[in-house]
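# Observations on the model geometry
Each chain, written out:
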Amino acid sequence: MLEIKGLNVWYGGIHAVRDLSMSIGRGEIVTLIGANGAGKSSAIRAVAGLVRDWKGEITFTKPDGNSVSLAGCPPETMVKLGIAMSPEGRRILPHLTVEENLTLGAFTRSSKDEIEESMEYAYGLFPKLRERRSQKGGTLSGGEQQMLAVARALMSGPELLMLDEPSLGLAPILVAEVFGIIREINRQGRTILLVEQNAYAALKIANKAYVLESGAVTLSGAGAELLENPRVREAYLGG
Amino acid sequence: MGINLSFDMFMQHLINAVGLGSLYGLIAIGYTMVYGILRLINFAHGDIFMLGAYFVFFATVRYKLPWVLGVLTAVAGATVCGLLVDRIAYRPLRNAPRISALISAIGVSFFIENLSVVVFSGMPRPVVQPPLLMKAFSIGGVRLVPLAILVPAISFAMVAGLLWLVYRTKPGLAMRSISHDIETTRLMGVSVDRIIALTFALGSALAAVAGIMWALRYPRVEPFMGIVPGFKAFIAAVFGGIGSIPGAMLGGLSLGFVEIMSIAFFPRLSGYRDAFAFILLILILLVKPTGLMGEKLEDKI
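Residues numbered from 1 in each chain as written. Chains lettered and ligands numbered in written order. Predicted model: local features only at pLDDT ≥ 70, side-chain atom pairs only at ≥ 80, totals over all residues. Heavy atoms only, no water.

## Let's talk about unusual backbone geometry
Residue and element names in this part refer to chain A. The condition is simple: Segments assigned H or I by DSSP are reported as helices when at least four residues long, segments assigned E as strands when at least two residues long, and all are numbered from the N terminus. Burial classes follow relative accessibility: with a 1.4 Å probe on protein chains only, a residue under 20% of its type's maximum area counts as buried, one over 50% as exposed, and anything between as partly exposed.
Positive phi outside glycine occurs at arginine 91, with the angle close to 50°. With respect to the element layout, arginine 91 can be found in the loop between strand E6 (83-86) and helix H3 (98-105). A positive phi angle, close to 45°, is found at serine 214, a residue other than glycine. Mapped onto the secondary structure, serine 214 falls in the loop between strand E9 (208-213) and strand E10 (216-222). Taking the relative accessible area as the measure of exposure, serine 214 reaches 62% and is therefore exposed.

What follows is the structure, given as C-alpha coordinates:
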(Lines give C-alpha, C1' and ligand atoms only; values in the text may rest on other atoms or scores of the structure.)
Protein backbone atom coordinates (compact mmCIF):
# COMPACT_ATOMS: atom_id res chain seq x y z
CA MET A 1 0.00 0.00 0.00
CA LEU A 2 3.01 2.28 0.47
CA GLU A 3 5.87 2.18 -1.99
CA ILE A 4 9.00 4.23 -1.32
CA LYS A 5 11.59 4.43 -4.10
CA GLY A 6 14.94 6.21 -3.98
CA LEU A 7 13.97 8.49 -1.13
CA ASN A 8 16.50 11.18 -0.19
CA VAL A 9 15.74 13.51 2.68
CA TRP A 10 17.65 16.58 3.74
CA TYR A 11 17.09 17.73 7.28
CA GLY A 12 18.70 20.93 8.55
CA GLY A 13 21.26 20.78 5.74
CA ILE A 14 22.16 17.18 6.50
CA HIS A 15 21.59 14.45 3.94
CA ALA A 16 19.70 12.31 6.45
CA VAL A 17 18.24 9.60 4.21
CA ARG A 18 20.03 8.21 1.12
CA ASP A 19 18.23 6.27 -1.60
CA LEU A 20 15.83 4.50 0.72
CA SER A 21 13.49 2.07 -0.96
CA MET A 22 10.94 0.04 0.91
CA SER A 23 7.53 -1.39 0.36
CA ILE A 24 4.71 -1.94 2.79
CA GLY A 25 1.93 -4.33 1.91
CA ARG A 26 -1.62 -4.03 3.17
CA GLY A 27 -2.07 -5.66 6.57
CA GLU A 28 1.64 -5.91 7.33
CA ILE A 29 3.74 -4.68 10.22
CA VAL A 30 6.89 -3.27 8.71
CA THR A 31 9.66 -1.94 10.88
CA LEU A 32 12.51 0.42 10.19
CA ILE A 33 15.21 -0.07 12.80
CA GLY A 34 18.51 1.64 13.34
CA ALA A 35 20.57 3.60 15.80
CA ASN A 36 19.85 7.11 16.97
CA GLY A 37 20.48 9.50 14.06
CA ALA A 38 20.36 6.83 11.37
CA GLY A 39 17.65 8.76 9.53
CA LYS A 40 14.62 6.73 10.59
CA SER A 41 12.63 9.71 11.82
CA SER A 42 13.47 11.78 8.75
CA ALA A 43 12.14 9.04 6.51
CA ILE A 44 8.86 8.64 8.35
CA ARG A 45 8.46 12.41 8.66
CA ALA A 46 8.76 12.71 4.89
CA VAL A 47 5.91 10.22 4.49
CA ALA A 48 3.82 12.19 7.01
CA GLY A 49 4.39 15.40 5.06
CA LEU A 50 6.22 17.14 7.90
CA VAL A 51 9.50 17.31 5.98
CA ARG A 52 9.13 18.90 2.57
CA ASP A 53 12.76 18.81 1.47
CA TRP A 54 12.91 15.35 -0.11
CA LYS A 55 13.40 13.72 -3.48
CA GLY A 56 12.29 10.35 -4.72
CA GLU A 57 8.96 8.62 -5.01
CA ILE A 58 6.44 7.87 -2.32
CA THR A 59 3.29 6.25 -3.64
CA PHE A 60 0.24 5.36 -1.59
CA THR A 61 -2.30 2.91 -2.91
CA LYS A 62 -5.81 3.50 -1.65
CA PRO A 63 -8.12 0.61 -0.77
CA ASP A 64 -9.97 1.15 -4.07
CA GLY A 65 -6.73 0.43 -5.95
CA ASN A 66 -5.95 3.99 -7.04
CA SER A 67 -2.37 5.13 -6.45
CA VAL A 68 -1.43 8.63 -5.36
CA SER A 69 2.00 10.23 -5.36
CA LEU A 70 2.64 11.94 -2.04
CA ALA A 71 5.19 14.42 -3.41
CA GLY A 72 4.54 17.93 -2.10
CA CYS A 73 1.49 16.94 -0.06
CA PRO A 74 0.96 18.64 3.31
CA PRO A 75 0.14 16.54 6.40
CA GLU A 76 -3.59 17.20 6.16
CA THR A 77 -3.65 15.47 2.75
CA MET A 78 -1.87 12.47 4.24
CA VAL A 79 -4.36 12.27 7.08
CA LYS A 80 -7.28 12.46 4.67
CA LEU A 81 -5.72 9.73 2.52
CA GLY A 82 -5.56 7.48 5.57
CA ILE A 83 -2.01 7.89 6.85
CA ALA A 84 -1.62 8.87 10.51
CA MET A 85 1.45 9.16 12.66
CA SER A 86 2.24 9.09 16.33
CA PRO A 87 5.35 11.27 16.59
CA GLU A 88 8.59 10.64 18.41
CA GLY A 89 8.46 11.81 22.00
CA ARG A 90 4.65 11.38 22.02
CA ARG A 91 3.98 15.12 21.71
CA ILE A 92 0.82 15.04 23.78
CA LEU A 93 -0.74 18.48 24.17
CA PRO A 94 -0.23 18.89 27.91
CA HIS A 95 -2.82 21.64 28.46
CA LEU A 96 -5.62 19.77 26.70
CA THR A 97 -7.60 16.95 28.28
CA VAL A 98 -7.25 13.34 27.13
CA GLU A 99 -10.57 13.64 25.34
CA GLU A 100 -9.56 16.91 23.65
CA ASN A 101 -6.31 15.32 22.49
CA LEU A 102 -8.35 12.50 20.95
CA THR A 103 -10.85 14.91 19.38
CA LEU A 104 -7.95 16.75 17.79
CA GLY A 105 -6.80 13.47 16.26
CA ALA A 106 -10.19 13.28 14.51
CA PHE A 107 -9.93 16.83 13.19
CA THR A 108 -10.36 15.87 9.53
CA ARG A 109 -13.52 13.89 10.17
CA SER A 110 -16.92 15.52 10.33
CA SER A 111 -19.30 12.69 11.17
CA LYS A 112 -20.03 12.84 14.89
CA ASP A 113 -21.03 9.16 14.95
CA GLU A 114 -17.78 8.06 13.34
CA ILE A 115 -15.75 10.14 15.78
CA GLU A 116 -17.71 8.71 18.69
CA GLU A 117 -17.15 5.20 17.35
CA SER A 118 -13.40 5.75 17.02
CA MET A 119 -13.27 7.16 20.52
CA GLU A 120 -15.02 4.08 21.88
CA TYR A 121 -12.57 1.92 19.94
CA ALA A 122 -9.61 3.83 21.39
CA TYR A 123 -11.01 3.60 24.93
CA GLY A 124 -11.56 -0.11 24.36
CA LEU A 125 -7.91 -0.59 23.43
CA PHE A 126 -6.69 1.61 26.27
CA PRO A 127 -9.14 1.46 29.18
CA LYS A 128 -6.81 3.66 31.27
CA LEU A 129 -7.52 6.55 28.92
CA ARG A 130 -11.23 6.29 29.55
CA GLU A 131 -10.60 6.63 33.28
CA ARG A 132 -8.50 9.71 32.62
CA ARG A 133 -10.63 11.22 29.86
CA SER A 134 -11.11 14.60 31.53
CA GLN A 135 -7.59 14.81 32.93
CA LYS A 136 -5.01 17.12 31.31
CA GLY A 137 -2.60 15.28 28.99
CA GLY A 138 0.39 16.65 30.87
CA THR A 139 -0.63 14.88 34.09
CA LEU A 140 -0.44 11.39 32.53
CA SER A 141 2.48 9.02 33.14
CA GLY A 142 4.92 8.29 30.31
CA GLY A 143 3.21 5.01 29.45
CA GLU A 144 -0.25 6.58 29.44
CA GLN A 145 1.02 9.41 27.25
CA GLN A 146 2.35 6.89 24.75
CA MET A 147 -1.00 5.14 24.71
CA LEU A 148 -2.72 8.47 24.19
CA ALA A 149 -0.37 9.25 21.29
CA VAL A 150 -1.23 5.94 19.59
CA ALA A 151 -4.95 6.37 20.33
CA ARG A 152 -4.87 9.91 18.96
CA ALA A 153 -3.29 8.71 15.72
CA LEU A 154 -6.06 6.10 15.42
CA MET A 155 -8.76 8.77 15.73
CA SER A 156 -8.50 9.73 12.05
CA GLY A 157 -9.39 6.12 11.16
CA PRO A 158 -6.15 5.52 9.22
CA GLU A 159 -5.32 2.68 6.84
CA LEU A 160 -1.65 3.09 7.61
CA LEU A 161 -0.55 3.81 11.16
CA MET A 162 2.99 5.08 11.54
CA LEU A 163 4.60 4.93 14.96
CA ASP A 164 7.84 6.77 15.67
CA GLU A 165 9.69 5.22 18.63
CA PRO A 166 6.71 4.11 20.71
CA SER A 167 9.07 2.42 23.20
CA LEU A 168 11.04 5.58 23.92
CA GLY A 169 11.52 6.16 27.63
CA LEU A 170 9.22 3.30 28.69
CA ALA A 171 9.98 0.59 31.25
CA PRO A 172 10.32 -2.90 29.68
CA ILE A 173 6.97 -4.07 31.01
CA LEU A 174 5.24 -1.09 29.42
CA VAL A 175 7.07 -1.69 26.16
CA ALA A 176 5.65 -5.20 26.13
CA GLU A 177 2.16 -3.84 26.82
CA VAL A 178 2.33 -1.18 24.10
CA PHE A 179 3.74 -3.63 21.53
CA GLY A 180 1.04 -6.12 22.42
CA ILE A 181 -1.56 -3.48 21.61
CA ILE A 182 0.22 -2.57 18.37
CA ARG A 183 -0.03 -6.19 17.29
CA GLU A 184 -3.71 -6.19 18.28
CA ILE A 185 -4.36 -3.07 16.18
CA ASN A 186 -2.66 -4.81 13.27
CA ARG A 187 -4.78 -7.94 13.70
CA GLN A 188 -7.87 -5.81 13.40
CA GLY A 189 -6.78 -4.86 9.90
CA ARG A 190 -4.52 -1.83 10.05
CA THR A 191 -1.16 -1.66 8.35
CA ILE A 192 1.67 -0.51 10.57
CA LEU A 193 4.98 1.17 9.89
CA LEU A 194 7.04 1.04 13.04
CA VAL A 195 10.21 3.04 13.49
CA GLU A 196 12.25 1.75 16.42
CA GLN A 197 15.58 1.79 18.18
CA ASN A 198 14.42 -1.12 20.31
CA ALA A 199 15.25 -3.65 17.59
CA TYR A 200 14.37 -6.72 19.59
CA ALA A 201 10.83 -5.66 20.44
CA ALA A 202 10.23 -4.38 16.90
CA LEU A 203 11.62 -7.43 15.06
CA LYS A 204 9.57 -9.76 17.20
CA ILE A 205 6.26 -8.38 15.92
CA ALA A 206 7.30 -7.34 12.38
CA ASN A 207 6.54 -9.18 9.18
CA LYS A 208 9.26 -7.29 7.39
CA ALA A 209 12.20 -5.20 8.57
CA TYR A 210 14.69 -2.73 7.17
CA VAL A 211 17.92 -1.78 8.93
CA LEU A 212 18.98 1.81 8.41
CA GLU A 213 22.59 2.91 8.93
CA SER A 214 23.78 6.45 8.21
CA GLY A 215 20.70 7.09 6.14
CA ALA A 216 20.93 4.01 3.92
CA VAL A 217 19.36 0.55 4.12
CA THR A 218 22.05 -2.05 4.87
CA LEU A 219 19.86 -5.08 5.52
CA SER A 220 16.29 -6.13 5.01
CA GLY A 221 14.22 -9.24 5.37
CA ALA A 222 11.54 -10.92 7.41
CA GLY A 223 11.42 -9.85 11.06
CA ALA A 224 12.11 -13.33 12.43
CA GLU A 225 14.97 -13.77 9.97
CA LEU A 226 16.73 -10.56 11.03
CA LEU A 227 16.29 -11.53 14.64
CA GLU A 228 18.64 -14.47 13.92
CA ASN A 229 21.03 -12.51 11.71
CA PRO A 230 24.51 -12.38 13.33
CA ARG A 231 25.17 -8.82 12.18
CA VAL A 232 21.89 -7.59 13.59
CA ARG A 233 22.45 -9.53 16.79
CA GLU A 234 25.85 -7.97 17.25
CA ALA A 235 24.93 -4.41 16.39
CA TYR A 236 21.42 -4.10 17.83
CA LEU A 237 20.61 -6.97 20.11
CA GLY A 238 23.68 -7.04 22.35
CA GLY A 239 25.35 -10.12 20.75
CA MET B 1 -5.79 67.38 45.83
CA GLY B 2 -9.28 67.22 47.20
CA ILE B 3 -10.69 63.73 47.59
CA ASN B 4 -14.36 64.28 48.02
CA LEU B 5 -16.43 62.13 45.79
CA SER B 6 -20.11 61.49 46.30
CA PHE B 7 -21.43 57.96 45.78
CA ASP B 8 -23.29 59.05 42.67
CA MET B 9 -20.15 60.57 41.25
CA PHE B 10 -18.26 57.38 42.01
CA MET B 11 -20.88 55.29 40.22
CA GLN B 12 -20.68 57.61 37.24
CA HIS B 13 -16.94 57.13 37.09
CA LEU B 14 -17.26 53.39 37.60
CA ILE B 15 -19.61 53.01 34.64
CA ASN B 16 -17.27 55.14 32.62
CA ALA B 17 -14.33 52.95 33.67
CA VAL B 18 -16.11 49.72 32.75
CA GLY B 19 -16.98 51.19 29.34
CA LEU B 20 -13.43 52.30 28.59
CA GLY B 21 -11.96 49.14 30.10
CA SER B 22 -14.14 46.81 28.06
CA LEU B 23 -12.99 48.59 24.89
CA TYR B 24 -9.35 48.12 25.89
CA GLY B 25 -10.21 44.51 26.62
CA LEU B 26 -11.79 43.93 23.19
CA ILE B 27 -8.68 45.26 21.45
CA ALA B 28 -6.37 43.41 23.84
CA ILE B 29 -7.96 40.07 22.87
CA GLY B 30 -6.67 40.47 19.32
CA TYR B 31 -3.11 41.03 20.56
CA THR B 32 -3.30 38.17 22.99
CA MET B 33 -4.71 35.64 20.50
CA VAL B 34 -2.16 36.37 17.79
CA TYR B 35 0.65 36.39 20.34
CA GLY B 36 -0.59 33.13 21.84
CA ILE B 37 -0.43 31.40 18.47
CA LEU B 38 2.45 33.04 16.63
CA ARG B 39 4.46 34.70 19.42
CA LEU B 40 4.08 37.84 17.35
CA ILE B 41 3.03 41.31 18.46
CA ASN B 42 0.72 42.45 15.72
CA PHE B 43 1.48 46.16 15.72
CA ALA B 44 -1.04 46.74 12.96
CA HIS B 45 -3.85 45.71 15.30
CA GLY B 46 -4.48 49.28 16.50
CA ASP B 47 -4.77 50.32 12.87
CA ILE B 48 -7.45 47.73 12.19
CA PHE B 49 -9.31 49.34 15.11
CA MET B 50 -8.91 52.71 13.35
CA LEU B 51 -10.10 51.28 10.02
CA GLY B 52 -13.22 49.88 11.69
CA ALA B 53 -14.05 53.37 12.94
CA TYR B 54 -13.38 54.94 9.53
CA PHE B 55 -15.44 52.38 7.67
CA VAL B 56 -18.44 53.00 9.88
CA PHE B 57 -17.96 56.73 9.42
CA PHE B 58 -18.00 56.41 5.65
CA ALA B 59 -20.83 53.90 5.62
CA THR B 60 -23.16 55.98 7.78
CA VAL B 61 -22.12 59.59 7.21
CA ARG B 62 -20.97 59.52 3.60
CA TYR B 63 -23.12 56.73 2.15
CA LYS B 64 -26.05 57.18 4.54
CA LEU B 65 -26.41 53.49 5.27
CA PRO B 66 -28.61 52.63 8.26
CA TRP B 67 -26.52 52.09 11.41
CA VAL B 68 -26.89 48.33 11.66
CA LEU B 69 -25.91 47.84 8.04
CA GLY B 70 -23.08 50.35 8.41
CA VAL B 71 -21.68 48.50 11.41
CA LEU B 72 -21.83 45.13 9.64
CA THR B 73 -20.10 46.56 6.57
CA ALA B 74 -17.41 48.18 8.70
CA VAL B 75 -16.72 45.01 10.68
CA ALA B 76 -16.56 42.96 7.50
CA GLY B 77 -14.23 45.50 5.87
CA ALA B 78 -11.86 45.64 8.83
CA THR B 79 -11.85 41.83 9.09
CA VAL B 80 -10.79 41.57 5.45
CA CYS B 81 -8.02 44.10 6.15
CA GLY B 82 -6.83 42.04 9.12
CA LEU B 83 -6.74 38.92 6.93
CA LEU B 84 -4.79 40.79 4.27
CA VAL B 85 -2.24 41.95 6.85
CA ASP B 86 -1.65 38.33 7.86
CA ARG B 87 -1.53 37.09 4.26
CA ILE B 88 0.80 39.80 2.95
CA ALA B 89 2.96 40.84 5.91
CA TYR B 90 3.18 37.78 8.18
CA ARG B 91 2.48 34.56 6.32
CA PRO B 92 5.51 34.78 3.97
CA LEU B 93 7.64 35.14 7.11
CA ARG B 94 6.19 32.17 8.99
CA ASN B 95 9.49 30.27 8.95
CA ALA B 96 11.71 33.34 9.18
CA PRO B 97 13.29 34.48 12.47
CA ARG B 98 10.70 36.04 14.74
CA ILE B 99 12.36 39.43 14.63
CA SER B 100 11.65 39.67 10.87
CA ALA B 101 7.92 39.30 11.44
CA LEU B 102 8.10 41.91 14.21
CA ILE B 103 9.78 44.40 11.88
CA SER B 104 7.20 43.59 9.24
CA ALA B 105 4.48 44.30 11.83
CA ILE B 106 5.89 47.74 12.56
CA GLY B 107 6.22 48.42 8.83
CA VAL B 108 2.66 47.40 7.99
CA SER B 109 1.37 49.54 10.87
CA PHE B 110 3.13 52.66 9.52
CA PHE B 111 1.94 51.76 6.05
CA ILE B 112 -1.72 51.57 7.05
CA GLU B 113 -1.54 54.79 9.05
CA ASN B 114 0.08 56.78 6.27
CA LEU B 115 -2.03 55.26 3.54
CA SER B 116 -5.04 56.34 5.60
CA VAL B 117 -3.72 59.90 5.70
CA VAL B 118 -3.49 59.82 1.90
CA VAL B 119 -6.88 58.20 1.35
CA PHE B 120 -8.97 59.67 4.18
CA SER B 121 -6.89 62.88 4.67
CA GLY B 122 -5.26 63.63 8.02
CA MET B 123 -8.11 65.89 9.14
CA PRO B 124 -10.13 64.54 12.05
CA ARG B 125 -13.76 64.06 11.06
CA PRO B 126 -16.74 64.29 13.37
CA VAL B 127 -18.92 61.20 13.79
CA VAL B 128 -22.65 61.74 14.11
CA GLN B 129 -23.91 59.91 17.17
CA PRO B 130 -27.32 58.27 16.74
CA PRO B 131 -29.62 60.35 18.98
CA LEU B 132 -31.21 57.19 20.36
CA LEU B 133 -27.90 56.19 21.99
CA MET B 134 -27.34 59.61 23.52
CA LYS B 135 -30.72 60.24 25.17
CA ALA B 136 -29.78 60.80 28.80
CA PHE B 137 -31.70 59.16 31.63
CA SER B 138 -31.15 58.85 35.37
CA ILE B 139 -30.95 55.93 37.74
CA GLY B 140 -30.95 57.32 41.27
CA GLY B 141 -28.63 60.27 41.03
CA VAL B 142 -26.56 58.81 38.20
CA ARG B 143 -27.09 60.31 34.78
CA LEU B 144 -26.47 57.93 31.91
CA VAL B 145 -26.76 57.62 28.16
CA PRO B 146 -27.73 54.24 26.62
CA LEU B 147 -24.33 54.11 24.91
CA ALA B 148 -22.61 53.83 28.31
CA ILE B 149 -24.53 50.59 28.97
CA LEU B 150 -24.40 49.33 25.40
CA VAL B 151 -20.60 49.43 25.12
CA PRO B 152 -19.82 47.03 27.97
CA ALA B 153 -22.87 44.89 27.18
CA ILE B 154 -21.78 44.33 23.58
CA SER B 155 -18.18 43.81 24.67
CA PHE B 156 -19.03 41.16 27.22
CA ALA B 157 -21.41 39.42 24.83
CA MET B 158 -18.68 39.24 22.19
CA VAL B 159 -16.14 37.87 24.67
CA ALA B 160 -18.65 35.23 25.78
CA GLY B 161 -19.16 34.22 22.14
CA LEU B 162 -15.42 34.09 21.58
CA LEU B 163 -14.83 31.95 24.65
CA TRP B 164 -17.49 29.55 23.44
CA LEU B 165 -15.78 29.33 20.07
CA VAL B 166 -12.31 28.79 21.53
CA TYR B 167 -13.30 26.29 24.22
CA ARG B 168 -16.27 24.47 22.68
CA THR B 169 -15.64 24.12 18.95
CA LYS B 170 -13.17 22.21 16.80
CA PRO B 171 -11.47 25.26 15.24
CA GLY B 172 -11.08 26.58 18.78
CA LEU B 173 -9.49 23.31 19.85
CA ALA B 174 -7.07 23.63 16.93
CA MET B 175 -6.23 27.19 18.02
CA ARG B 176 -5.43 26.08 21.55
CA SER B 177 -3.38 23.24 20.16
CA ILE B 178 -1.38 25.42 17.75
CA SER B 179 -0.43 27.75 20.58
CA HIS B 180 1.49 24.85 22.17
CA ASP B 181 2.77 22.77 19.29
CA ILE B 182 2.33 23.79 15.67
CA GLU B 183 3.95 20.68 14.19
CA THR B 184 1.88 18.17 16.12
CA THR B 185 -1.28 20.11 15.30
CA ARG B 186 -0.33 19.93 11.63
CA LEU B 187 0.20 16.18 12.00
CA MET B 188 -3.40 15.84 13.16
CA GLY B 189 -4.51 17.10 9.76
CA VAL B 190 -5.18 20.70 10.82
CA SER B 191 -4.56 23.28 8.11
CA VAL B 192 -2.58 25.60 10.34
CA ASP B 193 -2.61 28.59 8.00
CA ARG B 194 -6.39 28.53 7.91
CA ILE B 195 -6.64 28.47 11.70
CA ILE B 196 -4.17 31.35 11.92
CA ALA B 197 -6.26 33.27 9.39
CA LEU B 198 -9.34 32.59 11.51
CA THR B 199 -7.50 33.98 14.52
CA PHE B 200 -6.67 37.17 12.66
CA ALA B 201 -10.25 37.45 11.42
CA LEU B 202 -11.70 37.13 14.94
CA GLY B 203 -9.21 39.57 16.46
CA SER B 204 -9.82 42.08 13.68
CA ALA B 205 -13.59 41.82 14.00
CA LEU B 206 -13.38 42.51 17.74
CA ALA B 207 -11.00 45.44 17.14
CA ALA B 208 -13.38 46.85 14.53
CA VAL B 209 -16.32 46.64 16.94
CA ALA B 210 -14.17 48.37 19.56
CA GLY B 211 -13.19 51.03 17.00
CA ILE B 212 -16.82 51.69 16.13
CA MET B 213 -17.84 52.04 19.78
CA TRP B 214 -14.80 54.22 20.42
CA ALA B 215 -15.84 56.52 17.57
CA LEU B 216 -19.27 56.78 19.16
CA ARG B 217 -17.89 57.61 22.61
CA TYR B 218 -15.35 60.15 21.40
CA PRO B 219 -17.24 61.20 18.32
CA ARG B 220 -14.49 61.67 15.76
CA VAL B 221 -12.14 59.65 13.58
CA GLU B 222 -8.56 60.36 12.47
CA PRO B 223 -5.84 58.17 10.94
CA PHE B 224 -3.68 57.99 14.07
CA MET B 225 -6.51 57.30 16.51
CA GLY B 226 -5.45 53.63 16.79
CA ILE B 227 -1.96 54.20 18.13
CA VAL B 228 -2.57 55.14 21.76
CA PRO B 229 -5.53 52.79 22.37
CA GLY B 230 -3.49 50.10 20.61
CA PHE B 231 -0.54 50.58 22.95
CA LYS B 232 -2.78 50.64 25.97
CA ALA B 233 -4.63 47.52 24.89
CA PHE B 234 -1.29 45.81 24.39
CA ILE B 235 -0.37 46.81 27.93
CA ALA B 236 -3.72 45.43 29.07
CA ALA B 237 -2.93 42.14 27.33
CA VAL B 238 0.46 41.93 29.06
CA PHE B 239 -1.06 42.95 32.39
CA GLY B 240 -3.76 40.28 32.16
CA GLY B 241 -1.26 37.65 31.02
CA ILE B 242 -0.52 37.52 27.31
CA GLY B 243 -2.03 34.47 25.63
CA SER B 244 -5.07 34.45 27.92
CA ILE B 245 -8.41 35.72 26.60
CA PRO B 246 -10.08 36.24 30.01
CA GLY B 247 -6.77 37.82 31.08
CA ALA B 248 -6.98 40.34 28.23
CA MET B 249 -10.48 41.37 29.31
CA LEU B 250 -9.42 41.57 32.94
CA GLY B 251 -6.36 43.59 31.99
CA GLY B 252 -8.47 45.96 29.92
CA LEU B 253 -10.95 46.50 32.74
CA SER B 254 -8.12 47.06 35.25
CA LEU B 255 -6.51 49.61 32.99
CA GLY B 256 -9.80 51.43 32.40
CA PHE B 257 -10.41 51.48 36.12
CA VAL B 258 -6.96 52.83 37.00
CA GLU B 259 -7.12 55.50 34.31
CA ILE B 260 -10.58 56.82 35.13
CA MET B 261 -10.32 56.54 38.91
CA SER B 262 -6.91 58.12 39.26
CA ILE B 263 -8.22 61.18 37.46
CA ALA B 264 -11.49 61.12 39.39
CA PHE B 265 -9.65 61.10 42.69
CA PHE B 266 -6.77 63.31 41.62
CA PRO B 267 -8.11 65.69 38.98
CA ARG B 268 -4.84 67.60 38.93
CA LEU B 269 -3.10 64.54 37.49
CA SER B 270 -5.33 64.48 34.42
CA GLY B 271 -2.44 65.64 32.25
CA TYR B 272 -0.62 62.42 33.12
CA ARG B 273 -3.57 60.24 32.12
CA ASP B 274 -1.70 58.26 29.47
CA ALA B 275 1.24 57.66 31.82
CA PHE B 276 -0.81 55.47 34.17
CA ALA B 277 -0.95 52.66 31.63
CA PHE B 278 2.80 52.59 31.36
CA ILE B 279 3.28 52.72 35.12
CA LEU B 280 0.96 49.73 35.34
CA LEU B 281 3.04 47.94 32.71
CA ILE B 282 6.29 48.56 34.57
CA LEU B 283 4.76 47.42 37.85
CA ILE B 284 3.39 44.15 36.47
CA LEU B 285 6.65 43.38 34.67
CA LEU B 286 8.52 43.88 37.94
CA VAL B 287 6.15 41.94 40.16
CA LYS B 288 4.58 39.25 37.95
CA PRO B 289 6.01 39.24 34.44
CA THR B 290 3.57 36.55 33.25
CA GLY B 291 0.63 38.81 34.04
CA LEU B 292 -2.42 38.16 36.17
CA MET B 293 -3.65 35.05 34.33
CA GLY B 294 -0.71 34.22 32.12
CA GLU B 295 1.00 30.89 31.76
CA LYS B 296 4.73 30.60 31.97
CA LEU B 297 6.38 31.12 28.62
CA GLU B 298 9.91 30.05 27.86
CA ASP B 299 10.85 32.93 25.63
CA LYS B 300 9.30 36.26 24.86
CA ILE B 301 10.21 38.97 22.46
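Picking up where we left off.
## Re the layout of surface pockets
Any empty space left between atoms is shown by rolling a water-sized probe over those atoms. Residue and element names in this part refer to chain B. What counts, and what does not: Here a cavity means grid points, on a 1 Å grid over the protein atoms only, where a 1.4 Å probe fits yet cannot get out; a pocket means an open set of points with protein on both sides within 12 Å along at least five of seven lines; lining residues are those with an atom within 4 Å of a point. Grid points are joined across faces, edges and corners, and a volume is the space filled by probe spheres set on the points. Ten residues, namely Ala, Val, Leu, Ile, Met, Phe, Trp, Tyr, Cys and Pro, are considered nonpolar, four, namely Asp, Glu, Lys and Arg, are considered charged, and the remaining ones, Gly among them, are considered polar.
When its volume is computed, the second largest pocket comes out at roughly 330 Å³. Contributions of two or more residues to the lining of the second largest pocket are made by helix H3 (67-90), helix H6 (146-168) and helix H9 (192-217). Grouping the amino acids of the lining of the second largest pocket by side-chain chemistry returns 16 nonpolar, no polar and no charged.

## Details of the environment of B:Met123
All names here are of chain B. Rule in force here: Contacts are assigned to residue pairs that have any heavy atoms within 4.5 Å of one another.
You can see methionine 123 is positioned in the loop between helix H4 (98-120) and strand E1 (125-126). In this structure, the C-alpha to C-alpha distance between methionine 123 and leucine 206, residues 83 residues apart in sequence, is 25 Å. Beyond its immediate chain neighbours, meaning those up to four positions away, methionine 123 contacts Tyr54 and Val221.

## What to know about the interface of chain A and chain B
Put simply, the test is: When two parts are brought into contact, each loses some accessible area as probed by a 1.4 Å sphere; the total of that loss over both is the buried area. The working definition used for a salt bridge is a side-chain nitrogen of Lys or Arg within 4 Å of a carboxyl oxygen of Asp or Glu. Residues adjacent in sequence count toward polar contacts only when both atoms are side-chain atoms; beyond that, a polar contact is any pair of N or O atoms within 3.5 Å, and within protein one must be able to donate a hydrogen and the other to accept it.
Opposite the 23 residues of chain A that make contact, chain B presents 18 residues. For the pairing of chain A and chain B, the buried interface totals around 1900 Å² over both sides, and the portion due to carbon and sulfur atoms is 65%. Looking at the side of chain A facing chain B, the largest losses of area belong to A:Arg91, A:Leu104 and A:Phe107, adding up to 31% of the total buried there. A salt bridge links B:Glu183 to A:Arg45; its shortest N-O distance comes to 2.8 Å. Across the chain A-chain B interface, the total number found is 11 residue pairs in polar contact (both at pLDDT 80 or more). Those elements that provide at least two residues to the side of chain A that touches chain B are helix H1 (40-48), helix H2 (75-81) and H3 of chain A. Looking at the side of chain A that touches chain B, the element that brings in the most residues is H3(A), giving four residues. In the side of chain A that touches chain B, the residues fall into 13 nonpolar, four polar and six charged.

## A short note on the sheet that holds strand E7 (residues 160-164) of chain A
Whenever strands of a sheet pair, they do so through backbone hydrogen bonds, lying parallel or antiparallel. All names here are of chain A. Let me state the cut-off plainly: Any two strands with at least two DSSP-identified bridges between them are counted as paired. With axes taken as lines fitted to C-alpha atoms, and helix axes fitted only over the stretch in contact, angles between N-to-C directions fall between 0 and 180 degrees.
With mixed pairing, six strands are arranged side by side in an open sheet as E6-E7-E8-E3-E9-E10. Every interior strand has two partners, whereas the edge strands, E6 and E10, have only one. Adjacent strand axes in the sheet meet at a mean angle of 15° when their direction is disregarded. Relative to strand E8 (residues 191-196), strand E3 (residues 29-34) runs parallel, the two sharing five bridges. Within the sheet, the bridge partner assigned to threonine 31 lies in E8 and is leucine 194. Contacts between H1 and the sheet are confined to E3, E6, E7, E8 and E9, with E7 contributing the most and set at about 145° to the helix. Seen against the sheet, helix H6 (residues 142-154) touches E6 and E7 and runs at an angle of roughly 170° to E6.

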